[in-house]
Amino acid sequence: MTSTAPAGAGIRQGNAMSLHADLDVRRGARFRLRTRFDLEPGRTLALLGPNGAGKSTALRALAGLQPLAAGRIRLGDRVLDAPEDRTFVRPEHRSVGVVFQDYLLFGHLSVLDNVAFGLRARGVPRRTAQRRARDWLRRVGLADHDRRRPRSLSGGQAQRVALARALATEPALLLLDEPLAALDAGTRVHIRSELRRHLGDYPGACVLVTHDPLDAMVLADELLVVENGEVVQQGRPADIARHPRTDYVATLVGLNVYRGRAEGTLVDLVGGGTLTTAEPAHGEVFVAFPPTAVSLHAGRPDGSPRNTWPVTVAGVEQHAHTVRVRLAGTPDVLADVTPAAVAELDLTEGNALWAAVKATETHTYPA
Ligand SMILES: Nc1ncnc2c1ncn2[C@@H]1O[C@H](COP(=O)(O)OP(=O)(O)OP(=O)(O)O)[C@@H](O)[C@H]1O
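Residues numbered from 1 in each chain as written. Predicted model: local features only at pLDDT ≥ 70, side-chain atom pairs only at ≥ 80, totals over all residues. Heavy atoms only, no water.

Thoughts on the packing of helix H2 (residues 111-121) against helix H3 (residues 126-139)
Moving on, step 1. Two elements in contact, H2 and H3, have axes whose closest approach is 8 Å; the angle formed by their N-to-C orientations is 120°. The orientation of H2 with respect to H3, classified from their angle, is oblique. Considering only the axes of H2 and H3, their crossing is right-handed. Residues Val 111, Leu 112, Asp 113, Val 115, Ala 116, Leu 119 and Arg 120 of H2 form the contact with H3, whose participating residues are Arg 126, Ala 129, Gln 130, Arg 132, Ala 133, Arg 134, Trp 136 and Leu 137.
Moving on, step 2. Residue composition of the contact of H2 with H3, by class: nine nonpolar, one polar and five charged. (Axes fitted to C-alpha atoms, helices over the stretch in contact; angles between N-to-C directions. Helix = DSSP H or I, 4+ residues; strand = E, 2+ residues; numbered from the N terminus. Parallel < 35°, antiparallel > 145°, perpendicular 65-115°, else oblique. Left-handed = near helix turned anticlockwise from the far one by under 90°. Contact = heavy atoms within 4.5 Å. Nonpolar A, V, L, I, M, F, W, Y, C, P; charged D, E, K, R; others polar.)

Section: the site of the ligand
Moving on, step 1. The environment of the ligand is made up of Arg 27, Gly 28, Phe 31, Pro 50, Asn 51, Gly 52, Ala 53, Gly 54, Lys 55, Ser 56, Thr 57 and His 211.
Moving on, step 2. Between the ligand and the protein, one listed contact pairs an oxygen atom with a backbone N or O atom of Gly 54 at 2.8 Å.
Moving on, step 3. If one sorts the elements of the shell around the ligand by residue count, helix H1 (residues 55-63) sits on top with three residues.
Moving on, step 4. In terms of residue class, the shell around the ligand is made up of three nonpolar, seven polar and two charged. (Near = heavy atom within 4 Å. Polar contact = N/O pair within 3.5 Å; in protein donor to acceptor, adjacent residues only side chain to side chain.)

So, the sheet that holds strand S13 (residues 274-289)
Moving on, step 1. Spatially, S12-S13-S19 is the arrangement adopted by the three strands of the open sheet, whose pairing is antiparallel. Looking at which strands have only one partner, the edges of the open sheet turn out to be strand S12 (256-269) and strand S19 (363-366). Sheet twist, expressed as the mean angle between neighbouring strand axes with direction ignored, is 45°.
Moving on, step 2. The pairing of S13 with S19 spans four bridges and is antiparallel. Paired with Val 285 across the strands is Pro 366, a residue of S19.
Moving on, step 3. Lying over the sheet, helix H5 (residues 185-201) contacts S12, S13 and S19, oriented at roughly 50° with respect to S19. (Pairing = 2+ DSSP bridges.)

Overview of the pairing of strand S18 (residues 352-358)
Moving on, step 1. Among the seven residues that make up S18, five are buried, leaving the element largely enclosed by the rest of the structure.
Moving on, step 2. Pairing of strand S14 (residues 295-297) with S18, which is carried by three bridges, proceeds in the antiparallel orientation. Across the sheet, residue His 297 finds its bridge partner in S18, namely Trp 354.
Moving on, step 3. Pairing geometry for strand S15 (residues 306-318) and S18, over seven bridges, is antiparallel. Note on S18: the bridge partner recorded for Asn 307 is Val 357. (Buried < 20%, exposed > 50% of the residue type's maximum accessible area, 1.4 Å probe, protein only.)

A few points about the domain arrangement of the protein chain
Moving on, step 1. For the protein chain, the assigned domains read domain 1 (13-253) and domain 2 (257-366).
Moving on, step 2. With centres defined by C-alpha atoms, the gap from domain 1 to domain 2 works out at 33 Å.
Moving on, step 3. The interface of domain 1 with domain 2 comprises 16 residues on the first partner and 14 residues on the second.
Moving on, step 4. Interface of domain 1 and domain 2: buried area, both sides summed, is about 1,300 Å²; carbon and sulfur atoms make up 59% of it.
Moving on, step 5. Linking domain 1 with domain 2 are zero salt bridges.
Moving on, step 6. Linking domain 1 to domain 2 there are zero residue pairs in polar contact (both at pLDDT 80 or more).
Moving on, step 7. Elements that contribute at least two residues to the side of domain 1 that touches domain 2 include exactly H5, helix H6 (213-219), helix H7 (237-242) and helix H8 (247-253). (Domains from an automatic or database assignment. Buried area = accessible area lost by both parts, 1.4 Å probe. Salt bridge = Lys/Arg side-chain N within 4 Å of Asp/Glu carboxyl O.)

Describing the sheet that holds strand S17 (residues 333-337)
Moving on, step 1. In spatial order, the strands read S14-S18-S15-S16-S17; together these five strands make up an open sheet with antiparallel pairing. In the strand order of this sheet, the two ends are held by S14 and S17, each with one partner. Going across the sheet, the axis of each strand differs from the next one's by a mean of 45°, ignoring polarity.

A look at the environment of Ala 314
Moving on, step 1. With respect to the helices and strands, the residue Ala 314 is situated in strand S15.
Moving on, step 2. The exposure class of Ala 314 is partly exposed, given its relative accessible area of 28%.
Moving on, step 3. The residues contacting Ala 314, other than those within four sequence positions of it, are Arg 326, Leu 327, Ala 328 and Glu 349.

Structural data, given as structure tokens:
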């Protein structure tokens, strides 16, 4: 489960390049994706959206598996795709590492040769490629699995091999397509926090596609929400959660997520305040709960064991079916309430209220 290498060991800084993506991609006669973003090296952007929105299409265009109809992709100073200039760099000549949803490991190769594959394909001599592959396997905690075949690995191990294979070539751009979707819930929690650590060490730009708002909130610095091939919202996860522009976005990114240090079921939050959780943990954690789990009261609520703290109304955003209330306190919190509650509680800015969240409504994840 643990990587034994020190953070950032052996990573070259040569792959720290920024990405400029202006994508206009057609699939078949009917689907068109239009999106534009810039990403600094060391940053992770998550593409979120419903099925068929165009997330994988964007990733395929960046990888060179789907040519642009118009627009431009630039990585550092190098233009990878620009139909206007008749420039198109083939996938194998791009400094891009890809982890596909189902990992696509080569079944006939050992784990070591899978990780060494990209280096060998780039002409790195066999022994050097294997030495570097071994180093990556050690970093992902699989040093003693080098001779195994992919079919004998668990889902979590296969994910780590796929990540090691993508990172071994030290790409300037890392693309992750639903990197945790194939894992069961228990494995997912561990692999998510491992992936977070690897992304923290990785000096290049990373674009990841996910359905899971928690993955996006925990792993990404920036979010881009697409629907029907169009960008509906773009920005930092916390800002989008506070100011969702549509009901869809409100539901999608509506999560209160805090970092803290757990001692059993008590978590001291980094930004101040404490929360009682249902699942005991120790050390650095994330605590998450949806805005629908937060109830608001005019006076201090009593009764069942729960978290209660004083807050003041900082803003109210009304959408078709949701009223999202931003509350300042220790900690700040988002609450979704019914229109009836808005009238009952007098949710005007600056009003003092009490927020309450049951411990059983919270989820704790290792950070
Ligand atoms: N080979 C293809 N030919 C024509 N249209 C395609 C092809 N592949 C995908 N599409 C269409 O392109 C659109 C975008 O698909 P894409 O796979 O990018 O969506 P997505 O957001 O990744 O969805 P999912 O979450 O289901 O993977 C869809 O409407 C899909 O039907």
